[in-house]
Amino acid sequence: MLVPATTSTSAPETPAVTSELIPPEQESDLQTIGKKRGKKRKGKARGGKPRSTPQKPSKWADRCMYAELLEMPDESETFHGDGVPDDLETGWVALAPVPTGKRCLAVTHATAGIAGVVPNTTIRSRVLGKPLLKPFPSSLPPNTVLDCILDENWRFNGIVHVLDVLTWKGQDIADCETPFRLWWRDTRLSELPSFPPSFEATTTQPSSSSETSQFQFAHPVTFMPIPYHTNISLSRFVNELIPLTRVSRHLPVQIPITNPSSGMDLDIPSTELQTVSVEVKSDGILLYVSQATYEPGTSPLSTWIPIRAYTEWKDKDKMEDTTEGPLDKFERLIRKRLSRSPGHHASEPVEIEMN
């Protein structure tokens, strides 16, 4: 998911950013800033002419379908509507909760050797298509391309969250409609063999006697699908999907057992595994048009409802609890629409927040 890496420095540090909030042009600047710092002066070839080293753009650049933010105008602009799609219950599919992390592509190539041992997978940035990590072994089949979110804490949980599937074993899935793609994603991922991370990670030494050792993955080992929902009635949004998005999820992962008292070298993980629960923070809700194919680049076929607006995310630690984020406004509009629905009964009251 050659000899597997045995130190936590086998992969470069990845900036922890949110999966949907950062616009493409700003993420591009974020990824290239390190290159500018280490840029060397161009030399001159014979004849005094400067050397030119043009770089071709990666074929993986801008291959992800980038969701448009759901525009929900102020209530005074009633002639524009509330921004929520009229056919939300019948024409869309919801992915929720979408975890925080870095949007990326997981790409595999054909390799000869033992599955799960030979590096066959790369994680590439959404905008530039450049590798974020060194190639690593995975249980994914060759010639597969997945739309993913690299978990912000992947070093400690080994998780890559899978949003969508573009290609599977060379077969184009992007031209299929959304419910089929997501069904295919879940079915195929559930069939993958599990490779224990016994020789793929390290354990960090505690810096003080009060701290405990912490297991770190050298590269991701688990490709976990993000839950999708085809039944997205207004009442289900209010009673289930929105509350689910507001809280963190706790997912089980397997890590080698470490026992410092046994006298074993902590850099050599144990072959015995233990299941631990890891926290995965939520970022928002992603909506896909149901009867639509996968379209690279910014697309109206998908829309994004983050918990917090991008302009607010930088100061999230200073934000007051009373601040209404996009998900808060979306819930208020859904409740308002539900209260006016012909199928709404008085026995099922829906409270509407008033400004």
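The paragraphs below set out a description of the structure included in this document. Since the structure is predicted, the reported quantities are computational estimates derived from the model, not experimental observations.

Mapped onto the secondary structure, Gly-284 falls in strand S14 (residues 282–289). In this structure Gly-284 comes out as buried when scored by relative accessible area, which is 0%. Between the C-alpha atom of Gly-284 and that of Leu-95, which follows or precedes it by 189 residues, the distance is 8.9 Å. Excluding residues within four positions of it along the chain, Gly-284 makes contact with Leu-95, Pro-97, Val-98, Thr-245, Trp-304, Ile-305, Pro-306 and Ile-307.

Time to look at the pattern of salt bridges. Here the structure, examined in full by the defined rule, presents ten salt bridges. Residues Asp-186 and Arg-185 are paired through a salt bridge, measuring 2.8 Å at the closest nitrogen-oxygen approach. Here Arg-246 ties to Glu-331 by a salt bridge, and the two come within 2.5 Å at their closest N and O atoms. Separated by 85 residues along the polypeptide, Arg-246 in helix H5 (residues 234–246) and Glu-331 in helix H7 (residues 326–339) bring together distant segments of the chain. Note on Glu-331: relative accessible area 10%, which makes it buried. Salt bridges sharing partners connect three or more residues here, namely Arg-246, Asp-328, Glu-331 and Arg-335.

If you look at the biggest cluster of nonpolar residues, it comprises 24 residues, and the most contacted ones within it are Leu-88, Phe-237, Ile-285, Leu-287, Phe-330 and Ile-334. Taken together, the elements giving at least two residues each to this core come down to strand S2 (92–99), H5, S14 and H7. Those residues within four positions of Ile-285 in sequence are excluded, and the remaining contacts are Ala-94, Leu-95, Ala-96, Val-98, Phe-237, Leu-241, Ile-242, Thr-245, Thr-303, Trp-304, Ile-305 and Leu-327. Formed by 20 residues, the second largest nonpolar core is a distinct cluster that contains Leu-105, Ile-149, Tyr-294 and Trp-304.

Our focus in this paragraph is helix H4 (residues 178–190). With 13 residues, H4 should reach 18 Å at 1.5 Å per residue; the first-to-last C-alpha distance of 18 Å fits that figure. Here H4 has its buried residues at Thr-178, Arg-181, Leu-182, Trp-184, Arg-185, Thr-187 and Leu-189.

Okay, the side chain of Asn-120 next. Tracing the backbone through its elements, the reader meets Asn-120 in the loop between strand S3 (101–108) and strand S4 (121–125). Judged by its relative accessible area of 6%, Asn-120 is buried. Within the local environment of Asn-120, its side chain forms a polar contact with the side chain of Thr-121, the two groups lying 3.0 Å apart.

About the thresholds
Residues numbered from 1 in each chain as written. Predicted model: local features only at pLDDT ≥ 70, side-chain atom pairs only at ≥ 80, totals over all residues. Heavy atoms only, no water. Helix = DSSP H or I, 4+ residues; strand = E, 2+ residues; numbered from the N terminus. Buried < 20%, exposed > 50% of the residue type's maximum accessible area, 1.4 Å probe, protein only. Contact = heavy atoms within 4.5 Å. Salt bridge = Lys/Arg side-chain N within 4 Å of Asp/Glu carboxyl O. Core = buried A, V, L, I, M, F, W, Y, C linked by side-chain atoms within 4.5 Å. Expected span 1.5 Å × (residues − 1). Polar contact = N/O pair within 3.5 Å; in protein donor to acceptor, adjacent residues only side chain to side chain.

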